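# Reading the structure
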2 protein chains.
Amino acid sequence: MEQEHAANRENSLREDRDGSKPIVRKTLHSELLERLRQMIVDGDLTPGSKVPEKSLCDRFAVSRTPLREALKVLASEGLVILTPNRGAMVSDLTFDDLEEVFPIMGALEALSGEMACAHISDEEVAEIRALHHQMVAHFEARERFEYFIVNQKIHERILVAARNETLAKLYRGLSGRVKRARYLANMSIARWTEAVEEHELILKALEERDGSALARILKDHLARKFEIVKDGLTSGRN
Amino acid sequence: MEQEHAANRENSLREDRDGSKPIVRKTLHSELLERLRQMIVDGDLTPGSKVPEKSLCDRFAVSRTPLREALKVLASEGLVILTPNRGAMVSDLTFDDLEEVFPIMGALEALSGEMACAHISDEEVAEIRALHHQMVAHFEARERFEYFIVNQKIHERILVAARNETLAKLYRGLSGRVKRARYLANMSIARWTEAVEEHELILKALEERDGSALARILKDHLARKFEIVKDGLTSGRN
DNA sequence: ATATTGAATTATGAATTCAATTTCCCTGTC
DNA sequence: GACAGGGAAATTGAATTCATAATTCAATAT
């Protein structure tokens, strides 16, 4: 992630000059970082399980040096826990963690909504509207997974429209940490219907560029999602 | 930072078990991380300057391996920029960066205020009240630096009272990134007076546990600080 | 004098090596 | 049969080494 940041600066500088594309060579550790992060977020590495360096090295066919560099970064992002001399563990989401992360995401999402309203273009609104209709179609067909994906896309578009990369990065980081939990949120049809209705409001606020309204809606929207996830967790753990 | 997190868990686990103090052995890279971060935040390493690994290795008398691990983490925090094959640079705060970071800090500080009101104890309020009076005294004596320090402490206490370590960590991270810029905010006496008045409101909201009020006040408070910093930057750069 | 090329130097990326700690298994004892 | 002790094997922390890319600087051409 940090590498791309640097690379982008370099990018824009060179492109400004002559418009030719620079050759982007990634370092091993940055590629590892991406892949590992993806694996953790997608649940390919089970939470709570130990991750011996050796096995990862074998899997990716790299030496321990770049791998360890990547692990250090993942630890600083909270995706793994490093214990000195005892190695890495895929961090497990405790209930407390969720309770800490969700309010923050709520605040950030509200902010992103507000800023998006200030900056979003008509084209972007149109794209989100299209996605919205797609999503509604998936809802009517009761296609949970497809709904989930398009839903994510919409929120991602809003984030992009906020024109604040720092905000986007932070939000994505937090989002990655709770993503697994969100899959668990198996909404009832009643709640699902509500969620879709909320999305109607989201679209409306965006179209009207009503920042404070969108902020409020998004915050509530996420708070309710949290309630669902919470119930899912508490009922599932006993 | 990530090591301490792990270490803390380890800590609490062991203390729960037998009450004896655990032996905390830090890894080299985690110590390096701390020291480097401090140096950058404090401005000991000048922004924009290149940081050859060799010189840092010599300075701390360590090999490149743990140093490079620390650099990777600092890069992910945004404190340094890593460019493949070209080394590390202490990241310079651009005006755009500030403009991105401050709204986020505003949102997070507002959230921390709201949560603090829900959780803060009478003792903590009393401590903050004491700090507040200290701060007012420094204001009346026009002791800018001392005021600045106590001011920071107050905001830190609110952050702690919010009982959300994730939030605290995020906020501190962002705060570190703009800390140097904040020193620059050389307020006029008029603005300074206003700031102190705002702090009266902050204290009042805390005492009354009025979360939404505190959230609003803190957000505005920070927004104004941003205005000052912004002016300082724009006037200073031409 | 300035710009350009190419070799020498330096710095970085990554693998390997070495040292220290932990883990695991085996044995012996109670 | 449970448990403590000891030692081998495995795992991690950190230094060193090797390979490759970037930078510097002098020699040459323009």
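Throughout this document, residue positions are counted from 1 along each chain, in the order its sequence is written. Throughout, the order in which chains and ligands are written sets their labels, letters from A for the former and numbers from 1 for the latter. pLDDT decides what is reported in this predicted model: residues at 70 or higher carry local features, side-chain atom pairs at 80 or more are listed and counted, and totals for whole chains, interfaces and linings draw on all residues regardless. Side-chain measures here rest on the full set of heavy atoms in the structure, leaving out hydrogens and waters.

## Quick notes on unusual backbone geometry
- Its identity as a non-glycine residue notwithstanding, A:Ala61 has a phi of 55°, on the positive side.
- Residue A:Ala61 is classed as exposed on the basis of its relative accessible area of 66%.
- Located in the positive-phi region is B:Asn85, a residue other than glycine, with phi close to 65°.
- Residue exposure (1.4 Å probe, protein chains only): buried if accessible area is under 20% of the type maximum, exposed if over 50%, otherwise partly exposed. Residue classification places B:Asn85 among the exposed residues on the basis of a relative accessible area of 72%.

## Observations regarding helix α5 (residues 95-119) of chain B
- Helix and strand assignments come from DSSP, with helices taken as H or I runs of at least 4 residues and strands as E runs of at least 2, each series counted from the N terminus. A helix is expected to reach a length of 1.5 Å times the quantity of its residues less one. Spanning 25 residues, α5(B) covers 36 Å between terminal C-alpha atoms, matching the ideal 36 Å at 1.5 Å per step.
- Extensive coverage of α5(B) is indicated by the burial of 19 of its 25 residues.

## Comments concerning the protein's contact with DNA strand D
- As a matter of local geometry, DNA strand D sits amid 16 residues, with A:Arg25, A:Arg68, B:Leu28, B:Ser63 and B:Thr65 nearest to it.
- Of what DNA strand D places within 4 Å of the protein, 73% of the atoms are sugar or phosphate.
- A:Arg64 is positioned with one of its side-chain polar atoms (N or O) 2.9 Å from a base nitrogen of DNA strand D.
- Those elements giving two or more residues to the surface near DNA strand D turn out to be α4 (64-76) of chain A together with α2 (28-42) and α4 (64-77) of chain B.
- Lys, Arg, Asp and Glu make up the charged group, whereas Ala, Val, Leu, Ile, Met, Phe, Trp, Tyr, Cys and Pro make up the nonpolar group; the residues left over, Gly among them, are polar. When grouped by side-chain class, the residues that make up the surface near DNA strand D number four nonpolar, seven polar and five charged. Here a residue is considered near a molecule or strand provided that any single heavy atom belonging to it is located within 4 Å of it. Here a polar contact means two N or O atoms within 3.5 Å. Within protein one must be a hydrogen donor candidate and the other an acceptor candidate, and residues neighboring in sequence count only if both atoms are side-chain atoms.

## Re the relation of the copies chain B and chain A
- For this overlay, a least-squares fit was computed on C-alpha atoms, restricted to residues scoring pLDDT of at least 70 in both copies. Expressed as a screw transformation, the operator carrying chain B onto chain A has a rotation angle of 180° and an axial translation of 0.0 Å, and the superposed copies differ by an RMSD of 0.2 Å. Between the two chains, the operation in question is that of a two-fold axis.
- What makes two residues a contact is simply this: any of their non-hydrogen atoms within 4.5 Å. Both copies contact each other with a shared surface, as 95% of the interface residues of chain B are interface residues in chain A too.

## Structural notes on the interface of chain B and chain A
- Contacts between the two partners involve 42 residues from chain B, matched on the other side by 40 residues from chain A.
- Note: buried area is the sum, over both parts, of the accessible area (probe 1.4 Å) each one loses when the two are combined. Carbon and sulfur atoms supply 60% of the area buried between chain B and chain A, which totals about 3500 Å² over both sides.
- Any carboxyl oxygen of Asp or Glu within 4 Å of a side-chain nitrogen of Lys or Arg constitutes a salt bridge here. Run the count over chain B and chain A and you get four salt bridges.
- Inspection of the chain B/chain A interface yields eight residue pairs in polar contact (both at pLDDT 80 or more).

## Quick look at the packing of aromatic side chains
- Put simply, two rings from Phe, Tyr or Trp (the six-membered ring, in Trp's case) pair if the centres are within 6.5 Å, and we call them stacked under 30 degrees between planes, edge-to-face over 60, tilted for the rest. Evaluation of the coordinates by the stated rule reveals six aromatic pairs over all chains.
- When the ring of B:Phe102 is compared with that of B:Phe226, the centres are 4.7 Å apart and the planes differ by 25°; the resulting orientation is stacked. Placement of the pair is B:Phe102 in helix α5 and B:Phe226 in helix α10 (residues 211-237), with a sequence separation of 124 residues. For the pair B:Phe102 and B:Phe226, a shared accessibility class is recorded, and that class is buried.
- Each residue in the set A:Phe139, A:Tyr147 and A:Trp192 is aromatic and connected to the rest through ring pairs, giving one cluster.
- To sit over a ring, a charge needs its Lys NZ or Arg CZ within 6 Å of the ring centre and within 35 degrees of the ring normal. Its end group placed over the ring of A:Phe139, A:Arg142 keeps NZ or CZ at 4.7 Å from the ring centre.

## As for the pattern of salt bridges
- Applying the stated rule across the entire model yields 34 salt bridges over all chains.
- Salt bridges here are not isolated pairs; linked through shared partners, they connect A:Glu53, A:Arg64, A:Arg68, A:Lys72 and B:Glu69.

## Concerning the pairing of strand β2 (residues 80-83) of chain B
Residues and elements named next belong to chain B.
- For two strands to count as paired, DSSP must find a minimum of two bridges between them. As judged from the four bridges shared by β2 and strand β3 (residues 87-90), these two strands associate in the antiparallel manner. Bridging across to β3, Leu 82 finds its partner in Ala 88.
- Taking the residues that link successive antiparallel strands as the turn, the β2-β3 hairpin has three residues, and the phi of Asn 85 there is positive, at about 65°.

## Notes on the pairing of strand β3 (residues 87-90) of chain A
- The pairing of strand β1 (residues 50-51) of chain A with β3(A) spans two bridges and is antiparallel. Paired with A:Lys50 across the strands is A:Met89, a residue of β3(A).

## Brief notes about the sheet that holds β3(A)
- If you walk across this open sheet you meet the three strands as β1-β3-β2 (chain A), and the pairing is antiparallel. The sheet terminates laterally at β1 and β2 (80-83) of chain A, the two strands that pair on one side only.

## Concerning the packing of α4(A) against α4(B)
- Think of each axis as a best-fit line through the C-alpha atoms, taken over the contacting stretch in the case of a helix, with angles from 0 to 180 degrees between the N-to-C directions. Where α4(A) meets α4(B), the axes come as close as 9 Å, and the angle between the chain directions of the two elements is 40°. The orientation of α4(A) relative to α4(B) falls into the category oblique. You can see that α4(A) and α4(B) cross each other, and the crossing is right-handed. Judged by residue contacts, A:Arg68, A:Glu69, A:Lys72, A:Val73 and A:Ser76 of α4(A) engage B:Arg68, B:Glu69, B:Lys72, B:Val73 and B:Ser76 from α4(B). In these notes the angle categories are as follows: under 35 degrees is roughly parallel, over 145 is roughly antiparallel, 65 to 115 is roughly perpendicular, and the rest is oblique. Less than a right angle of anticlockwise turn of the near helix away from the far helix marks a crossing as left-handed, whereas a clockwise turn marks it as right-handed.

## Quick word on the layout of surface pockets
- Of the grid points, spaced at 1 Å and generated over the protein atoms alone, those admitting a 1.4 Å probe that cannot get out make up cavities, while open sets with protein on both sides within 12 Å along at least five of seven lines make up pockets; any residue with an atom within 4 Å of a point is treated as lining. Grid points are joined across faces, edges and corners, and a volume is the space filled by probe spheres set on the points. A volume near 420 Å³ is recorded for the second largest pocket.
- What lines the second largest pocket is a set of 17 residues, and nearest its centre among them are A:Ala110, A:Lys219, B:Ala110, B:Glu114 and B:Lys219.
- At the level of secondary structure, the elements contributing two or more residues to the lining of the second largest pocket comprise α5 (95-119) and α10 (211-237) of chain A together with α5 and α10 of chain B.
- When its residues are assigned to classes, the lining of the second largest pocket shows eight nonpolar, two polar and seven charged.

## Quick notes on the packing of helix α6 (residues 122-140) of chain B against helix α7 (residues 144-161) of chain B
All names here are of chain B.
- At a closest axis distance of 9 Å, the pairing of α6 and α7 adopts a crossing angle of 165°. For the element pair α6 / α7, the angle class is roughly antiparallel. In terms of crossing hand, the pair formed by α6 and α7 is left-handed. Contact residues: α6 offers Glu 124, Glu 127, Ile 128, Leu 131, His 132, Gln 134, Met 135, His 138 and Phe 139, while α7 offers Glu 146, Tyr 147, Val 150, Asn 151, Lys 153, Ile 154, Arg 157, Ile 158 and Ala 161.

## Describing the sheet that holds β2(B)
- The three strands lie next to each other as β1-β3-β2 (chain B), forming an open sheet whose pairing is antiparallel. Strand pairing shows two members of the sheet lacking a second neighbour, β1 (50-51) and β2 of chain B, which therefore form its edges.

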